[in-house]
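Commentary on secondary and tertiary structure
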Amino acid sequence: MAGLLAATLSWGQQMPEQLPIDPSIRTGKLENGLTYFIRHNEKPADRAEFYLATNVGAIQETPDQDGLAHFLEHMCFNGTKNFPEKGILNWLESIGASFGGNVNASTGVEQTIYLLNNIPLIRPTVVDTCLLIMHDYSHFVTCDPVEIEKERGVILEEKRSRDNAGWRINVATKPYLFGDSKYAGCTIIGSEENLKTFKPESLKNFYKTWYRPDMQALIVIGDIDVDEVEAKIKSTFADIPATVDPKQKDVHVIPANKEPIIGIITDPEANSLEYELIWKRERLPEILANTQVGIVMDLCN
């Protein structure tokens, strides 16, 4: 890859330019660092979708935070500044949206995404309230200790329900793929011991450290007026301050290997036989993301 990178950069003296964004998408960045993307789409009519993407996942947890990136995702539905307790879900259900169907979130190793999907715009103020929900996800989740205690059992049951052959094989595969790097032990849901015993401060520290506007992007698409939505985003999110001296993400390197790594993984409940062959390559430099050079390099590898 190093040779290809040198060759592609030799096309010009400057770094390659970013590919242009679709002109139908309105994009911008607030003073606090929040990036937004807005697009009008009138099919289906009177519907809209809202996404808040946070550029952090479970790999940034400290030992006392094992499983808490995912736990925090749950807490976003259990009380915020403007929606105490189950206020978010209660309001969304009142306009015909359902939890799981229209309202959900996902936590990954590297990112966390919150979504309001196919929301019925039954009145003009629905957009305002959905933006306020995303605003609260971004910076104003209360992480009430009482609600944390209630949610421990929910997460533990989710962990128990995942304990099948596929999950166990996936966990056993990680050391072969990721060596002794942190990725090998990152299960996202965390250990049973830590889920039972972590202190609320550990969860709050993860939230305060990583849920910040310079790490977040808001996406709104649907049967909406782009100018109006942009103005509402600017006013709604203006009270979120820019982070002073923000912590940088830790970079975890997966060790290289010269000889093939071979693993045979079995489980008493496995009911099929699978073979998997994986090639490692160096990570594409972030500066080349969304460039012609980056796309060529991705295709060649």
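Whatever comes next refers back to the structure up there.
About the criteria used
- Residues numbered from 1 in each chain as written.
- Predicted model: local features only at pLDDT ≥ 70, side-chain atom pairs only at ≥ 80, totals over all residues.
- Heavy atoms only, no water.
- Helix = DSSP H or I, 4+ residues; strand = E, 2+ residues; numbered from the N terminus.
- Buried < 20%, exposed > 50% of the residue type's maximum accessible area, 1.4 Å probe, protein only.
- Contact = heavy atoms within 4.5 Å.
- Areas by Shrake-Rupley, 256 points an atom, 1.4 Å probe, with all protein chains shown as cover.
- Expected span 1.5 Å × (residues − 1).
- Pairing = 2+ DSSP bridges.
- Axes fitted to C-alpha atoms, helices over the stretch in contact; angles between N-to-C directions.
- Parallel < 35°, antiparallel > 145°, perpendicular 65-115°, else oblique.
- Left-handed = near helix turned anticlockwise from the far one by under 90°.
- Nonpolar A, V, L, I, M, F, W, Y, C, P; charged D, E, K, R; others polar.
- Salt bridge = Lys/Arg side-chain N within 4 Å of Asp/Glu carboxyl O.
- Phe/Tyr/Trp six-rings, centres within 6.5 Å; stacked < 30°, edge-to-face > 60°.
- Lys NZ or Arg CZ within 6 Å of the ring centre and 35° of its normal.

**Digging into the overall build of the chain**
In terms of helices and strands, the chain carries ten helices and six strands. Relative to its 301 residues, the chain shows a buried fraction of 39%. Long-range pairs, those at least 24 residues apart, make up 82% of the contacts in the chain between residues at least 6 apart in sequence. Carbon and sulfur atoms make up 54% of the accessible area of the chain, which totals about 17200 Å².

**A short note on unusual backbone geometry**
Leaving glycine aside, a negative phi is the common case for residues, and trans is the common case for peptide bonds. The linkage connecting K43 with the following residue, P44, adopts the cis geometry, with an omega of 0 degrees. Along the chain, P44 falls in the loop between β2 (35-40) and β3 (47-54). Its identity is not glycine, yet D245 carries a phi of approximately 50 degrees, on the positive side. In this structure, D245 sits in the loop between α9 (226-236) and α10 (292-300). What makes D245 exposed here is its relative accessible area of 71%.

**Things to note about helix α4 (residues 125-139)**
Along an α-helix, residues three or four positions apart point the same way, because every turn accommodates 3.6 residues. Between its first and last C-alpha, α4 extends 22 Å over 15 residues, near the 21 Å set by a 1.5 Å rise per residue. Of all 15 residues in α4, eleven are buried, a share of seventy percent or more. Of all the residues in α4, the buried ones are V126, V127, T129, C130, L131, I133, M134, H135, D136, Y137 and S138. Of the surrounding elements, those touching the buried residues of α4 are β3, α3 (87-94), β5 (112-120), α8 (200-210), β6 (216-222) and α9.

**Side note on the pairing of strand β4 (residues 103-107)**
Judged by which residues are buried, β4 turns out to be one-sided: V103, A105 and T107 face inward and are buried, whereas N104 and S106, on the alternate face, are not. Bridge analysis of β4 against β5 gives five bridges, and the strand direction is antiparallel. Bridged to N104 within β5 is L115.

**Thoughts on the packing of helix α2 (residues 68-75) against helix α5 (residues 145-162)**
For the pair α2 and α5, interaxial distance at closest approach is 10 Å and the crossing angle is 120 degrees. As judged from the angle between their axes, α2 and α5 are oblique. In this structure, the crossing between α2 and α5 has a hand that is right-handed. Contacts between α2 and α5 involve H70, F71, H74 and M75 from the former and E147, I148, E151, R152, V154, I155, E158 and R162 from the latter. Split by residue class, the contact of α2 with α5 holds five nonpolar, two polar and five charged.

**Details of the pattern of salt bridges**
Taken as a whole, this structure holds twelve salt bridges when the rule is applied. Residue R160 pairs with E157 through a salt bridge whose shortest N-O separation is 2.6 Å. Of this pair, R160 and E157 are both found in helix α5, three residues apart, which corresponds to roughly one turn of the helix. Classification of E157 as partly exposed rests on a relative accessible area of 40%. The residue R212 makes a salt bridge to D214 at a minimum N-O spacing of 2.8 Å. By relative accessible area, R212 is classed as buried at 4%. Owing to a relative accessible area of 36%, D214 belongs among the partly exposed residues under this scheme. Connected through shared salt-bridge partners, D163, R168, D267 and E269 make up one network.

**Focus: the packing of aromatic side chains**
The tally for this structure, following the rule as stated, stands at seven aromatic pairs. The interplanar angle of 80 degrees and the centroid separation of 4.9 Å between the aromatic rings of F71 and F198 together place this pair among those described as edge-to-face. Within this pair, whereas F71 is found in helix α2, its partner F198 is found in the loop between α7 (192-197) and α8, the two being separated by 127 residues in sequence. Assigned by exposure class, F71 and F198 land together as buried. Aromatic pair F77 and Y137: ring centres 5.9 Å apart, planes at 80 degrees, arrangement edge-to-face. Here F77, found in the loop between α2 and α3, pairs with Y137, found in helix α4; they are 60 residues apart in sequence, far enough to count as distant. Like F77, the residue Y137 is buried in the burial classification. An aromatic cluster of three or more residues is present, and its members are F77, F99, Y114, Y137, Y207 and Y211. One Lys or Arg, K81, reaches over the ring of F140 and ends 4.6 Å from the middle of that ring.

**Section: the sheet that holds β5**
Taken in spatial order, the six strands of this open sheet run β1-β2-β6-β3-β5-β4, and their pairing is mixed. Looking along the sheet, the strands with just one partner apiece sit at the ends: β1 (25-29) and β4. Pairwise comparison of adjacent strand axes, ignoring direction, gives a mean angle of 10 degrees for this sheet. Strand direction decides the pairing type here: β3 and β5, joined by seven bridges, are antiparallel. Following the sheet pairing, A48 is matched in β5 by I119. Taken strand by strand, α9 contacts β1, β2 and β6, and its axis lies near 160 degrees from that of β2.

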